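Fold and geometry: a report
The lines below spell out each chain.
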Amino acid sequence: MILSLSEFQSRTGLMKFLHNALLLLSLSMFSFVSHTKVRDAINTDYESHLKSLFVHFHQNPELSMAEVKTAKRIAQELKSVGFEVHEGIGKTGIVAILKNGDGPTVMMRADMDGLPIKEDSGLSYASSAEQTDPFTNKLSPVMHACGHDVHITGLVGTARYMQANLSTWSGTLMLIAQPAEERIMGARKMMEDGLWQRFGKPDYALALHVFSEGETGKIDVSAGPVSAGSTSVDIIVHGVGTHGAYPQFGKDPVVLGSQIVMALQTLVSRELGPKEPGVVTVGAFNSGLKHNVISDKAHLQLTVRYSSLETKAKLLNGITRIAENMGRAAGLPDNKLPTVMISKEEDTPPQINDATLTARLESMWRGKYGPDNIESTVDDGMGAEDFPFFVTGHDIPSVYWSIGGTPKASFDAQAKGGPAVTSHHSPFFKIDADGSVPFAVETTVAALTELMPRN
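Read on for a plain summary of the structure. (Residues numbered from 1 in each chain as written. Predicted model: local features only at pLDDT ≥ 70, side-chain atom pairs only at ≥ 80, totals over all residues. Heavy atoms only, no water.)

**A short note on the sheet that holds strand S10 (residues 229–238)**
Taken together, four strands build an open sheet; the order of strands is S12-S14-S10-S15 and the sheet is antiparallel. If you trace the sheet from one side to the other, it starts and ends with strand S12 (278–287) and strand S15 (339–348), each paired once. In this sheet, neighbouring strand axes are inclined to one another by 20° on average, regardless of whether the strands run parallel or antiparallel. As paired elements, S12 and strand S14 (residues 297–306) share nine bridges and run antiparallel to each other. Among the inter-strand pairings, Val282 is bridged to a residue of S14, identified as Leu302. Each of S10, S12 and S14 touches helix H6 (residues 253–271); the most contacted strand, S12, lies at about 175° to it. (Pairing = 2+ DSSP bridges. Helix = DSSP H or I, 4+ residues; strand = E, 2+ residues; numbered from the N terminus. Axes fitted to C-alpha atoms, helices over the stretch in contact; angles between N-to-C directions. Contact = heavy atoms within 4.5 Å.)

**Looking at the packing of aromatic side chains**
A complete count under the given rule lists seven aromatic pairs for this structure. Between Tyr246 and Phe249 the ring centres are 6.1 Å apart and the planes differ by 25°, which places this aromatic pair in the stacked class. Exposure remark for Tyr246: the relative accessible area of 44% places this residue in the partly exposed category. On the accessibility criterion, Phe249 (58% relative accessible area) is exposed. Feature note: the residues Trp196, Phe387, Phe390 and Tyr400 constitute an aromatic cluster, connected by ring pairs. (Phe/Tyr/Trp six-rings, centres within 6.5 Å; stacked < 30°, edge-to-face > 60°. Buried < 20%, exposed > 50% of the residue type's maximum accessible area, 1.4 Å probe, protein only.)

**Considering helix H2 (residues 68–80)**
Here H2 contains 13 residues, and its C-alpha end-to-end distance of 18 Å stays within 8% of the 18 Å for a straight helix at 1.5 Å per residue. For H2, every residue scored as buried is listed here: Thr70, Ala71, Ile74, Ala75, Glu77 and Leu78. Taken around the axis of H2, the buried residues stretch over an arc of 165°, which confines them to a single face. Residues Val68, Lys69, Lys72 and Ser80 are exposed on H2 and point more than 90 degrees away from its buried face. Remark: Gly82 follows H2 within two positions and exhibits a positive phi of approximately 95°. (Expected span 1.5 Å × (residues − 1). Arc of directions from axis to C-beta.)

**Description of helix H8 (residues 355–369)**
In this model H8 runs 21 Å from its N-terminal to its C-terminal C-alpha over 15 residues, within 8% of the 21 Å that 1.5 Å per residue would give. Within H8, burial applies to Leu357, Thr358, Leu361, Glu362, Met364, Trp365 and Tyr369. Projection of H8 onto a plane perpendicular to its axis shows the buried side chains occupying an angular sector of 165°, all on one side. In H8, the exposed residues that point more than 90 degrees away from the buried face are Thr356 and Gly367. Near the N-terminus of H8, the side chain that reaches the backbone nitrogen of Thr356, with its oxygen 3.3 Å away, is that of Asp354. Directly beyond the C-terminal end of H8, a positive phi value near 90° is found at Gly370. (Polar contact = N/O pair within 3.5 Å; in protein donor to acceptor, adjacent residues only side chain to side chain.)

**Some points on the pattern of salt bridges**
Counted under the stated rule, the structure contains 19 salt bridges. Put simply, Glu87 and Lys79 hold a salt bridge, and the shortest N to O gap is 2.9 Å. With a relative accessible area of 44%, Glu87 lands in the partly exposed category. In this structure, Arg109 engages Asp386 in a salt bridge whose closest nitrogen and oxygen atoms are separated by 3.6 Å. Residue Arg109 is found in strand S3 (residues 105–111), and its partner Asp386 is found in the loop between strand S17 (374–375) and strand S18 (398–406); the two are separated by 277 residues along the sequence. Pair check on accessibility: Arg109 and Asp386 agree, each one buried. (Salt bridge = Lys/Arg side-chain N within 4 Å of Asp/Glu carboxyl O.)

**With respect to the pairing of S10**
Of all ten residues in S10, nine are buried; the element is thus mostly enclosed. Where S10 and S14 come together, ten bridges link them in antiparallel fashion. Note that in S14 the partner of Ile236 across the bridge is His299. Both S10 and S15 contribute to a ladder of six bridges, which runs antiparallel. Paired with Ile235 across the strands is Val340, a residue of S15.

**Some details on the nonpolar core**
By size, the foremost hydrophobic cluster in this structure holds 65 residues, and its most contacted members are Leu78, Phe83, Leu175, Leu206, Leu361, Trp365 and Trp401. Looking at this core element by element, the count peaks at ten residues for helix H10 (residues 433–451). Not counting chain neighbours up to four residues away, the residues in contact with Leu78 comprise Phe83, Val85, Ile94, Ala96, Val156, Ala159 and Leu175. In terms of nonpolar packing, the next biggest core, distinct from the first, is built from 23 residues, Leu302, Ala323, Leu332 and Leu337 among them. (Core = buried A, V, L, I, M, F, W, Y, C linked by side-chain atoms within 4.5 Å.)

**Here's the deal with the environment of Lys297**
By the secondary structure assignment, Lys297 is in strand S14. Accessibility expressed as a relative area gives 43% for Lys297, which makes it partly exposed. Each C-alpha atom of the pair Lys297 and Val261 lies 15 Å from the other, and the pair is 36 residues apart in sequence.

**Thoughts on the packing of H8 against H10**
Helices that pack against each other are described as a pair by the angle of their axes relative to one another and the distance between those axes. In the contact formed by H8 and H10, the axes pass within 10 Å of each other and the chain directions differ by 120°. With respect to each other, H8 and H10 are oriented oblique. Handedness of the crossing formed by H8 with H10: right-handed. Residues Leu357, Arg360, Leu361, Met364, Trp365, Lys368 and Tyr369 of H8 lie in contact with H10, whose contacting residues are Phe439, Glu442, Thr443, Ala446, Ala447, Glu450 and Leu451. (Parallel < 35°, antiparallel > 145°, perpendicular 65-115°, else oblique. Left-handed = near helix turned anticlockwise from the far one by under 90°.)

**A look at the sheet that holds S3**
Hydrogen bonds along the backbone pair up the strands of a sheet, which may run parallel or antiparallel. Read across the open sheet, the eight strands follow the order S1-S2-S6-S3-S7-S18-S8-S17; overall the sheet is mixed. Here the strands that pair on one side only, and so sit at the sheet edges, are strand S1 (84–89) and S17. Across four bridges, the pairing between S3 and strand S7 (residues 204–215) is parallel. Bridge pairing in S7 links Val106 to Tyr204. Here helix H9 (residues 408–415) sits on the sheet and contacts S7 and S18; the angle it forms with S7, its principal contact strand, is near 40°. The sheet strands contacting H10 are S3, strand S6 (171–178), S7, strand S8 (219–220) and S18, and the helix crosses S18 at an angle near 155°.

Quick look at the structure:
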């Protein structure tokens, strides 16, 4: 049979189309099989090792900067699979390194501290731990009420998988167990201890957080600001004490403090643009000891939140300006103007997810888990996180993502009037470990192998 030129071209085009379609199908099937093998390996490790490790961490939480036993156990776990482990970084922090040929250095962080809360979750393995708080020197109940037990168990699981599958990746893996995230100071303390100078600066930095408000099996990731910067501020309002029946002989710091509180509300409403997020909250106002005594001092405690360093400067400068000038308006001399103290301890920049890196990882996760399981939630609050200390000003592309920690059935039951899904930092807080720990490992392994492919 002799074909015309047009028929030959048509059939050739069809053959090319079929060849490409079969190639894509083959690659898709290979990717699916490969993904299934990874998931099966992680689930097997969870049932045989990680599940009991999670229970251990949950039952033995420790407070910020006192995570001694937790750090020791993490170090043992990582040493046992061949990582080079360095302890005591920033007091209790861990740095673990595994070199596997040429390629980028990728850092993955997990925070490890608990909270001074008495657990009432109803879990069979609920914490009954108590510990002396190093900041208050008081004995306190301790609970993993924010999912950090998931994070550190996931870090160990990631280490175990990556070491057991060296043929699938190439580069240097740096795992960090970080103290004191709850007091937004652990990352800074590790940096002050010469983290990058001692162990090398990574090419990429990653972190995740489990959220009870999210459904298990789902990833929440977006570019740009994903956690707020946070700074604690104290204002000491100086006054002149006198009898409560003779206010004309003093300067009342309660009245002046109240005026400062109200004036601070204009910072966000009138000095930031309508689309520029910021929060100034006065969380504590303390003054005086008795009904009929005007004190000589008031103490205001503030938290300031922002999504850019420019907004931070506006708010902090505005707080100082308002406090001092309200003192002048009250007739105080310069040596008695309110004292504004901006904390260097409780201060963290916002986390800004790198746009290019976020797009790369999001595309990869969409391919593995399907678009229905990838979300980009716009948080209507301004929660803070100290992970940004590792990357801000260091030119390290970073991505911080979230995974769900509550099964869909629990949300369905809540919608029908059943038990409410509890939020973080609550005595009733609980996470579905079976659904979240393996998924934490899985999403992390996927990100690491994407960034450190085998050459």
